[in-house]
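Residue strings, one per chain:
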Amino acid sequence: MKLTDVLKKDKLTLSFEVFPPKTETTLEDVLATTQKIAALRPAFVSVTYGAGGGTSRYTLAIAENMYKTTGVPTLAHLTCISSTRQTVAERIADMKAHGIENVMALRGDLTPEQKGSDRSDWDYHHACELVRELKAAGDFCIGGACYPEVHPESVDSREDISHLKEKVDAGCDFLTSQMFFDNSLYYSFLYRVREAGITVPIFPGIMPITSATQIKRAIELSGSFMPHRFLALVDRFGQDPEAMKQAGIAYATDQIIDLYANGVRNVHVYTMNKPDVAAKIMDNLSAILN
């Protein structure tokens, strides 16, 4: 089922994200984990894609298995960085063969080595190029990424939104935001992109921080601004794992409720393959989502 059809329903939704294993030996464990997350009946589940496509076959296996066994729609990620057009064409063909209808089209992150290298002869430089190929290759529902706090490689928000519009014009049906911890950043971003003529649905991305060690990684991934009330929470509960987990889930839940209250209909949660965290958030929102 295409996500565009799922999102036509006039109701609040919550979706989750999972990531594939790095090796086949842990595939069964990850499949079991994703089944538990799918059992919560989210609007859809997105399945990420390892850097350079190293876990691409697991991405498709998880996405296909989840949809066939639970009926929960899935969204398979695809990156194009440092890939050839032939490689991408083969991966698109694999998606068709696995019955994938929803694709998250991403450029992918540059490694430290790639950032300083000559990339002029690469087949792909931007996600919009991948979006165009997906649009031409089949009847996919296509998603793209956006950055409420500006893409780290953009000069400023004006340039970032210009590139984002190019990606949407290439064929994106929806966008999912990078994580943020201050909702005002998302509201400000939403106002600017709507003013620029970007009208597709934009799912806010929320990551529950359930341990103090996650913070450094979250900042590395997104460069996210950490508001004082969030830092105070970490300072107070960070040394107590159970307290930090409960506080982190409560903070994420509060963000989600505020988003719903301010007119957002679809929220995406980066669950980090933690069914218990996903279940607690879903339980906190049970009457709201009913």
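Residues numbered from 1 in each chain as written. Predicted model: local features only at pLDDT ≥ 70, side-chain atom pairs only at ≥ 80, totals over all residues. Heavy atoms only, no water.

### Some details on the nonpolar core
Reasoning step 1: Core analysis: the largest hydrophobic core is formed by 63 residues, its most contacted members being Leu14, Leu134, Leu175, Ile256 and Ile281.
Reasoning step 2: If near-sequence neighbours (up to four positions away) are discounted, Leu14 is found in contact with Pro42, Ala43, Phe44, Ile256, Tyr260, Val267, Val269, Ile281, Met282, Leu285 and Leu289.
Reasoning step 3: One finds Phe181, Met207, Ile215 and Leu233 within the second-largest nonpolar core, a separate group that totals 14 residues. (Core = buried A, V, L, I, M, F, W, Y, C linked by side-chain atoms within 4.5 Å. Buried < 20%, exposed > 50% of the residue type's maximum accessible area, 1.4 Å probe, protein only. Contact = heavy atoms within 4.5 Å.)

### Side note on unusual backbone geometry
Reasoning step 1: Even without being a glycine, Arg41 presents a positive backbone phi close to 60°.
Reasoning step 2: Residue placement: Arg41 occurs in the loop between α2 (27–38) and β2 (45–47).
Reasoning step 3: Residues other than glycine seldom take positive phi values, yet Met272 does so here, at roughly 55°.
Reasoning step 4: Tracing the backbone through its elements, the reader meets Met272 in the loop between β8 (266–270) and α12 (275–284).
Reasoning step 5: The class for Met272 is partly exposed, based on a relative accessible area of 34%. (Helix = DSSP H or I, 4+ residues; strand = E, 2+ residues; numbered from the N terminus.)

### Notes on the side chain of Asn183
Reasoning step 1: Considering the arrangement of structural elements, one finds Asn183 in helix α8 (residues 183–195).
Reasoning step 2: On the accessibility criterion, Asn183 (9% relative accessible area) is buried.
Reasoning step 3: Among the polar contacts made by the side chain of Asn183, one reaches the side chain of Asp258 at a distance of 2.9 Å.
Reasoning step 4: Excluding residues within four positions of it along the chain, Asn183 makes contact with Gln255, Asp258 and Leu259. (Polar contact = N/O pair within 3.5 Å; in protein donor to acceptor, adjacent residues only side chain to side chain.)

### Topic: the packing of helix α7 (residues 157–170) against α8
Reasoning step 1: It is at 10 Å that the axes of α7 and α8 come closest, and there the two elements cross at 60°. In terms of their interaxial angle, α7 and α8 are classed as oblique. As for how α7 packs across α8, the hand of that crossing is right-handed. Of α8, the residues touching α7 (which contributes Ser157, Ile161 and Leu164) are Phe189, Arg192 and Val193.
Reasoning step 2: Considered class by class, the residues forming the contact of α7 with α8 number four nonpolar, one polar and one charged. (Axes fitted to C-alpha atoms, helices over the stretch in contact; angles between N-to-C directions. Parallel < 35°, antiparallel > 145°, perpendicular 65-115°, else oblique. Left-handed = near helix turned anticlockwise from the far one by under 90°. Nonpolar A, V, L, I, M, F, W, Y, C, P; charged D, E, K, R; others polar.)

### As for the sheet that holds strand β3 (residues 74–79)
Reasoning step 1: Judged by pairing direction, the barrel is parallel, and its eight strands sit side by side in the order β1-β2-β3-β4-β5-β6-β7-β8 before closing back on the first. Mean inter-strand twist for the sheet, computed between neighbouring axes without regard to direction, equals 30°.
Reasoning step 2: For strand β4 (residues 102–106) and strand β5 (residues 141–146), the ladder comprises three bridges, and the chain directions are parallel. Counterpart to Asn102 in the pairing with β5 is Cys141.
Reasoning step 3: Strands β1 (13–18), β2 and β3 of the sheet are contacted by helix α3 (residues 56–70), whose axis makes an angle of about 170° with β3. (Pairing = 2+ DSSP bridges.)

### Remarks on the packing of helix α10 (residues 228–237) against helix α11 (residues 241–261)
Reasoning step 1: At a minimum axis distance of 9 Å, the contact between α10 and α11 shows a crossing angle of 165°. Viewed along their axes, α10 and α11 adopt a mutual orientation that is roughly antiparallel. Between α10 and α11 the crossing geometry is right-handed. For the pair α10 and α11, contact is made by Arg229, Phe230, Leu233, Val234 and Phe237 and by Ala243, Met244, Ala247, Gly248, Tyr251 and Asp254, respectively.

### Concerning the packing of aromatic side chains
Reasoning step 1: A full pass over the atoms with the stated rule returns six aromatic pairs.
Reasoning step 2: Considering the side-chain rings of Phe174 and Phe203, the 5.2 Å spacing of their centres and the 25° angle between planes classify their relative orientation as stacked. Of this pair, Phe174 sits in strand β6 (residues 174–179) while Phe203 sits in strand β7 (residues 202–206), and the two are 29 residues apart along the sequence. Considered together, Phe174 and Phe203 belong to a single accessibility category, that of buried residues.
Reasoning step 3: With centroids separated by 4.9 Å and ring planes inclined at 65°, the aromatic side chains of Phe230 and Tyr251 adopt a geometry described as edge-to-face. With a gap of 21 residues between them, Phe230 in helix α10 and Tyr251 in helix α11 connect regions that are remote in the sequence.
Reasoning step 4: Residue classification places Phe230 among the buried residues on the basis of a relative accessible area of 1%.
Reasoning step 5: Residue class for Tyr251 comes out buried when judged on its relative accessible area of 6%.
Reasoning step 6: Within the aromatic cluster, the residues linked to one another by ring pairs are Phe44, Phe174 and Phe203. (Phe/Tyr/Trp six-rings, centres within 6.5 Å; stacked < 30°, edge-to-face > 60°.)

Any functional reading would require information beyond the geometric quantities listed.
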